[in-house]
Amino acid sequence: MKRVGVLSVQGDVSEHTTFLSKVCTTDFKVSEVKTKDTIEQVDALVFPGGESTTIGKLLREYEVDIVLKKIASKGIPILGTCAGLVLLAKEGDEQIEKTRQPLLEVVDIKVSRNAFGPQRESFEHTLEIPVLGGKPYPGVFIRAPAIDKSWGKVKSLCEFEGRIIAAQQENIIVTAFHPELSGDMRLHEYFLDLI
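As the structure is a computational prediction, the values presented were derived from the model and not from experiment. (Residues numbered from 1 in each chain as written. Predicted model: local features only at pLDDT ≥ 70, side-chain atom pairs only at ≥ 80, totals over all residues. Heavy atoms only, no water.)

**Here we look at the overall build of the chain**
Here is step 1: From N to C terminus, the chain includes seven helices and twelve strands.
Here is step 2: In summary, the chain has a C-alpha radius of gyration of 15 Å against a globular reference of 16 Å for 195 residues, a match within 12%.
Here is step 3: Over its C-alpha atoms, taken along the principal directions, the chain stretches across nearly 40 × 40 × 35 Å.
Here is step 4: Looking at the chain residue by residue over its 195 residues, the buried ones come to 54%.
Here is step 5: When contacts within the chain are restricted to residue pairs at least 6 apart in sequence, long-range pairs at least 24 apart make up 68% of them.
Here is step 6: Summing over all exposed atoms, the chain offers an accessible surface of approximately 8,900 Å²; the carbon and sulfur share of this is 47%.
Here is step 7: Taking the average location of the 24 positive side-chain charges in the chain and that of its 28 negative ones, the two points are 4 Å from each other. (Helix = DSSP H or I, 4+ residues; strand = E, 2+ residues; numbered from the N terminus. Rg over C-alpha atoms; globule rule 2.2 N^0.38 Å. Buried < 20%, exposed > 50% of the residue type's maximum accessible area, 1.4 Å probe, protein only. Contact = heavy atoms within 4.5 Å. Areas by Shrake-Rupley, 256 points an atom, 1.4 Å probe, with all protein chains shown as cover. Lys, Arg positive; Asp, Glu negative; His and termini not counted. Charge placed at Lys NZ, Arg CZ, Asp CG, Glu CD.)

Have a look at this one:
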C-alpha cells in the first residue's frame, strides 16, 4: 500500500486530506504528516496552500525543510499548491525578499506571491491543462502566486493571463490554484500516477 502524506503545518490540510481520500483507491493510504520521521516514510507528499511565510518559518524552525529537500531529491512525488508553489521555488520576488520568506529552493522557478491580488480579489476561472485531457479544468485562485520565470527541467502545464500557473519539474508538480477545492479529481490523479 502506498502512503500519501499531506504536510500538516498550516493551511488547506483537511481539504487535501478529504479530497485525496475520495480520489485514492484501496492501494493508497492518505494521512497528515508533520514530523521528520513521518515525512520520510511517504511515497508521495502534498504541500498545501496556506500562509507561506508562517509555513516556511515553522519548517525551518523544526528542521522539516531539510527532510523536504531530501525527499524531493530522492524523486518522491510532491504536489505543491499555492503556498506550496511559493515555498518550493528557488527564487522569489521583492515581496518574498522583504518578508524574508524562507524558500526550499528545489524547483527551478522564480515566483511572485499574491500575483493576482489580495484575498478579496480571489476568483475562479476555467483553465486548459493539456496533460489532463481536453475538458476545461475549474481553477480556484485564492491570493494566488504566479511563476515569473522557469528554467532547467521545468515544463509549463498551464498559463493564465500570460503567466505560468502550473508547472512540473520531474517528480514535482506546482500549482498557483487550489485543486482540492475544484471538485475535479484529474490533477490529483495525474499526481498519484507519478508514484
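Still to come is the rest of the account.
**Comments concerning unusual backbone geometry**
Here is step 1: Look at R100: it is not a glycine, yet its phi comes out positive at around 55 degrees.
Here is step 2: Locating R100 in the fold gives a position in the loop between α6 (94-98) and β6 (107-112).
Here is step 3: Classification of R100 by relative accessible area gives exposed; the value is 70%.
Here is step 4: Backbone geometry places R143, a non-glycine residue, at a positive phi of 45 degrees.
Here is step 5: One can find R143 in the loop between β8 (137-141) and β9 (146-150).
Here is step 6: The class of R143 is partly exposed, set by a relative accessible area of 30%.

**Section: helix α4 (residues 64-73)**
What sets the pattern is the α-helix's 3.6 residues per turn: residues three or four places apart point alike.
Here is step 1: The set of residues buried in α4 consists of V64, D65, V67, L68, I71 and A72. Mapping the buried residues of α4 onto a view down its axis gives an arc of 160 degrees, with all of them on the same face. Of the exposed residues in α4, the ones pointing more than 90 degrees away from its buried face are I66 and S73.
Here is step 2: Buried positions along α4 lie against β1 (2-7), α2 (36-40), β3 (44-47), α3 (52-61), β4 (78-81) and β12 (172-175).
Here is step 3: In the segment just after α4, G75 is the residue with positive phi, at about 90 degrees. (Arc of directions from axis to C-beta.)

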